[in-house]
Amino acid sequence: MSRIKILNAVIDNYSTEETLAIVENAIKNKKQIHHTVVNAGKIVAMQSDLQLRKSVNESDLINADGQAVVWASRFLRKPLKERVAGIDLMINLVECAHRNNTKIFFFGAKEDVVKEVVNIYSKAYSPNIIAGYRNGYFKKEEEREIAKEISKSGANILFVAISSPTKENFLYENKELLSNVNFIMGVGGSFDVVSGKVKRAPIWMQNTGMEWFYRFIQEPKRMWKRYLFGNTKFIFLVLKERIFKS
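Please read all numbers here as calculations on a predicted model, not as lab measurements.

(A) Focus on the packing of aromatic side chains. For the structure on display, the rule yields seven aromatic pairs. Where Phe-107 meets Phe-170, the ring centres are 5.3 Å apart and the plane angle is 65°; that geometry is what we call edge-to-face. Of this pair, Phe-107 sits in strand S5 (residues 104–108) while Phe-170 is found in helix H8 (residues 166–173), placing the two residues 63 residues apart along the sequence. Just as Phe-107 is buried, Phe-170 falls in that class too. The interplanar angle of 55° and the centroid separation of 6.3 Å between the aromatic rings of Phe-138 and Phe-170 together place this pair among those described as tilted. On the criterion of sequence distance, the pair formed by Phe-138 in the loop between strand S6 (130–134) and helix H7 (143–152) and Phe-170 in helix H8 is long-range, its members being 32 residues apart. An aromatic cluster is built from Phe-106, Tyr-121, Tyr-125, Phe-159 and Phe-191, whose rings are joined through pairwise contacts. Here the basic side chain of Arg-242 rests over the ring of Phe-75, its NZ or CZ set 4.6 Å away from the ring centre.

(B) Geometry of the nonpolar core. If you look at the biggest cluster of nonpolar residues, it comprises 30 residues, and the most contacted ones within it are Phe-106, Phe-159, Phe-183 and Phe-191. Secondary structure elements with two or more residues in this core: helix H1 (16–28), helix H5 (86–100), S5, helix H6 (111–124), strand S7 (157–161), strand S8 (183–186) and helix H9 (190–195). Once you skip the residues sitting within four places of it in the chain, Phe-183 turns out to touch Val-23, Ile-27, Ile-33, His-35, Leu-89, Leu-93, Asn-156, Ile-157, Leu-158 and Phe-159. Core analysis: the second largest hydrophobic core is formed by 23 residues, Leu-7, Val-70, Leu-80 and Leu-237 among them.

(C) Seen up close, the sheet that holds S8. Strand order in the open sheet formed by six strands is S4-S3-S8-S7-S5-S6, with parallel pairing between adjacent strands. At either end of the open sheet lies a strand with only one pairing partner, and these are strand S4 (61–64) and S6. Within the sheet, the average angular offset between the axes of one strand and its neighbour, ignoring direction, is 15°. The sheet contact formed by strand S3 (residues 33–38) and S4 spans four bridges and is parallel. Residue pairing in the sheet places Thr-36 in a bridge with Ile-62 of S4. Sitting on the sheet, H8 touches S3, S5, S7 and S8, and the angle it makes with S8 is about 160°.

(D) Structural detail: the packing of H1 against H5. In the contact formed by H1 and H5, the axes pass within 11 Å of each other and the chain directions differ by 40°. In terms of axis orientation, H1 runs oblique to H5. When you trace H1 past H5, the crossing you get is right-handed. Only Leu-89, Asn-92, Leu-93, Cys-96, Arg-99 and Asn-100 of H5 make contact with H1, whose side of the interface consists of Thr-19, Leu-20, Val-23 and Glu-24.

(E) Structural detail: helix H4 (residues 67–75). Regarding H4, the residues found buried are Gln-67, Val-69, Val-70, Ala-72 and Ser-73. Where H4 ends, the next residue or the one after it, Arg-77, has phi of about 65°, a positive value.

(F) Layout of the pairing of S3. In terms of residue burial, S3 counts as a mostly covered element, since six of its six residues are buried. What you see with S3 is no split at all: Ile-33, His-35 and Val-37 on one side and His-34, Thr-36 and Val-38 on the other are buried throughout. Where S3 meets S8, three bridges bridge the pair, whose relative direction is parallel. Directly across from Ile-33, in S8, lies its bridge partner Phe-183.

(G) Broad picture of the pattern of salt bridges. The full count for this structure, using the stated rule, is eleven salt bridges. One salt bridge connects Glu-24 with Arg-99, and the closest N-O pair in it is separated by 3.3 Å. Taken together, the residues span a long stretch of sequence, with Glu-24 in helix H1 and Arg-99 in helix H5 at a distance of 75 residues. When its relative accessible area of 27% is taken as the criterion, Glu-24 is described as partly exposed. A relative accessible area of 48% means that Arg-99 is categorised as partly exposed. Its salt-bridge partner being Glu-168, residue Lys-42 comes within 2.5 Å of it at the nearest N-O pair. Note that Lys-42 is positioned in helix H2 (residues 40–46) and Glu-168 in helix H8, a separation of 126 residues in sequence. The network of salt bridges with common partners includes Lys-42, Lys-167 and Glu-168.

Analysis parameters
- Residues numbered from 1 in each chain as written.
- Predicted model: local features only at pLDDT ≥ 70, side-chain atom pairs only at ≥ 80, totals over all residues.
- Heavy atoms only, no water.
- Phe/Tyr/Trp six-rings, centres within 6.5 Å; stacked < 30°, edge-to-face > 60°.
- Helix = DSSP H or I, 4+ residues; strand = E, 2+ residues; numbered from the N terminus.
- Buried < 20%, exposed > 50% of the residue type's maximum accessible area, 1.4 Å probe, protein only.
- Lys NZ or Arg CZ within 6 Å of the ring centre and 35° of its normal.
- Core = buried A, V, L, I, M, F, W, Y, C linked by side-chain atoms within 4.5 Å.
- Contact = heavy atoms within 4.5 Å.
- Pairing = 2+ DSSP bridges.
- Axes fitted to C-alpha atoms, helices over the stretch in contact; angles between N-to-C directions.
- Parallel < 35°, antiparallel > 145°, perpendicular 65-115°, else oblique.
- Left-handed = near helix turned anticlockwise from the far one by under 90°.
- Salt bridge = Lys/Arg side-chain N within 4 Å of Asp/Glu carboxyl O.

If you want it as structure tokens, here you go:
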């Protein structure tokens, strides 16, 4: 596998098309892939959160879901091909599930949100792609039973729409219990976007790395600290890496 490492984060250097081909092949051959993504905020968190770092770096397939990470890789002379957005990968895999007669379990978000996601995809494709769903509110001691429930559902694909680091650690710690599921992936706030609760940035903002700003103007009170301190620290870490390791 073609991998790079920047700021203690391991990243696979694949395009979206290459990533989809790898995942489809794993599902077809009944192999499991534990997938995760990194963005600027997560990489910053991984500097001090060693469990998150382990949960991410020991995944089978790791994409850069953030244009800032792609730019940083080029600045640090370890260029990634492109950004592989988690939500785009999820949307493509839902279509693949319909085409290949495979099933998906949707886990995360609020009850009304995950229900709406299941309803939207059932209508757009078929109820046959739905293995099950569950909201993202649970106690730590319930995790193993939830993982067993998902494993018994007949799902080939699991999407976990929970915030970091909970989703990464859940998938890492319960990977063996989820061995019946061929592809397990954290998708963050993607259910909110699919359900229509949150609007996604226009394509031009996605391509110019301004998607974070679009999210900020929708939820400024909740996002300002994350983006102000997170983005500033990421830039500092990238500059430090270039200066001292070049």
